[in-house]
Amino acid sequence: MNNEDLKYNHEKREKEVFNFFNGVTLETDSIFLKNSDSTDVIPLRIQMVVIFSLIDIFASYWYEYKGERGGQKDRFINWYDYFCRTNKNLKYKKDDKWDIIDSHRIYRLRCSLVHFFGLSEASELIYLALVSNNLPEKEIKELETRFTKLKTNIIIKPHDFYVLVKNGGITMFNEWIENIKEANNGNDNKKSEHIDGIERIWKKIQNEGAVGIVKPIK
């Protein structure tokens, strides 16, 4: 296979990889469908479970891109720290609650919701609760001050958490785009890293059966 064929294959697979992630985020957007009275169609805990699945997806493919190995917990925590708890993430910068809740606490919430449909035990003097996405911020602050569970009471809207995670995904893609720019500017190491990373992700998508089936156009 000549260089032109290799370039074509890489560009084709790179497009498929980015389309895959775009499709995943578009599907997860649907968890915030509203009833006619603006209440959520999907229950709050289900929304959170889907968001945690999105983190698992991003983290897994991020490790593939880097060519590294790690357990599910390590992938989750490292991805969340690197792409969500960073000033590059606009949602993180705007709300200090995400700085108060560290990645290990978020992971315990994830495990409790996914495995037990619970909100995890209170720890680090932090008590977590969920509220409807349409509850005004003023009422949330009032609830947080009225709670007497622990020293710090944090109420989470699933949609706010989703925006934080989605912005984390965007931050990850922006990092990949910067790698592409450096590669195009002659950085052979970045070029090799990016091509190999996209190839690993593409193969992972194929092996996991994560390729969507498109209805043929008649």
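Keep in mind that this is a model prediction, so the values were computed, not measured.

The rules behind these values
- Residues numbered from 1 in each chain as written.
- Predicted model: local features only at pLDDT ≥ 70, side-chain atom pairs only at ≥ 80, totals over all residues.
- Heavy atoms only, no water.
- Helix = DSSP H or I, 4+ residues; strand = E, 2+ residues; numbered from the N terminus.
- Contact = heavy atoms within 4.5 Å.
- Buried < 20%, exposed > 50% of the residue type's maximum accessible area, 1.4 Å probe, protein only.
- Pairing = 2+ DSSP bridges.
- Phe/Tyr/Trp six-rings, centres within 6.5 Å; stacked < 30°, edge-to-face > 60°.
- Lys NZ or Arg CZ within 6 Å of the ring centre and 35° of its normal.
- Core = buried A, V, L, I, M, F, W, Y, C linked by side-chain atoms within 4.5 Å.

Asker: When you look at the side chain of Thr171 in this model, what are you seeing that I'm missing?
Answerer: Along the polypeptide, Thr171 turns up in helix 8 (residues 158-184). Ignoring any residue separated from it by four or fewer positions in sequence, one finds Thr171 in contact with Phe83, Lys88 and Asn89.

Asker: Please explain the pairing of strand 1 (residues 126-130) as it appears in this structure.
Answerer: For a regular strand, side chains alternate in direction, first toward one face of the sheet and then toward the other. For strand 1, the tally of buried residues reaches four of five residues, placing the bulk of the element in the interior. As defined by bridge partners, strand 1 adjoins strand 2 (residues 152-156) across five bridges and the pair is classed as parallel. Note on strand 2: the bridge partner recorded for Ala129 is Ile155.

Asker: When you look at the packing of aromatic side chains in this model, what are you seeing that I'm missing?
Answerer: Each aromatic ring pair is described using two quantities: the centre-to-centre distance and the angle formed by the ring planes. Counted by the stated rule, this structure contains 24 aromatic pairs. For the pair Phe21 and Tyr61, a centre-to-centre distance of 5.5 Å together with 90 degrees between the ring planes defines the contact as edge-to-face. Of this pair, Phe21 sits in helix 1 (residues 3-29) while Tyr61 is found in helix 2 (residues 44-66), placing the two residues 40 residues apart along the sequence. According to the relative accessible area criterion, Phe21 is buried, its value standing at 1%. A relative accessible area of 6% places Tyr61 in the buried class. Pairing Phe21 with Trp176 gives two aromatic rings, centres 5.9 Å apart and planes at 65 degrees, and the pair type is edge-to-face. Taken as a pair, Phe21 in helix 1 and Trp176 in helix 8 lie far apart in primary sequence, 155 residues in all. As far as the burial class goes, Phe21 and Trp176 line up, both buried. The cationic tip of Arg13 hangs over the ring face of Trp202; the distance from NZ or CZ to the ring centre is 3.7 Å. Of note, Lys66 hangs over the ring of Tyr63, and the distance from its end group to the ring centre comes to 4.5 Å.

Asker: Is there a simple way to think about the nonpolar core in this case?
Answerer: The nonpolar side chains of a soluble globular protein tend to be buried with one another. Core analysis: the largest hydrophobic core is formed by 47 residues, its most contacted members being Phe21, Phe52, Trp79, Ile156 and Phe161. Breaking this core down by element, the ones donating at least two residues are helix 1, helix 2, helix 3 (72-83), helix 6 (103-116), strand 1, strand 2, helix 8 and helix 9 (188-207). Beyond its immediate chain neighbours, meaning those up to four positions away, Trp79 contacts Ile55, Phe58, Ala59, Trp62, Cys84, Val165, Gly168, Gly169 and Met172.

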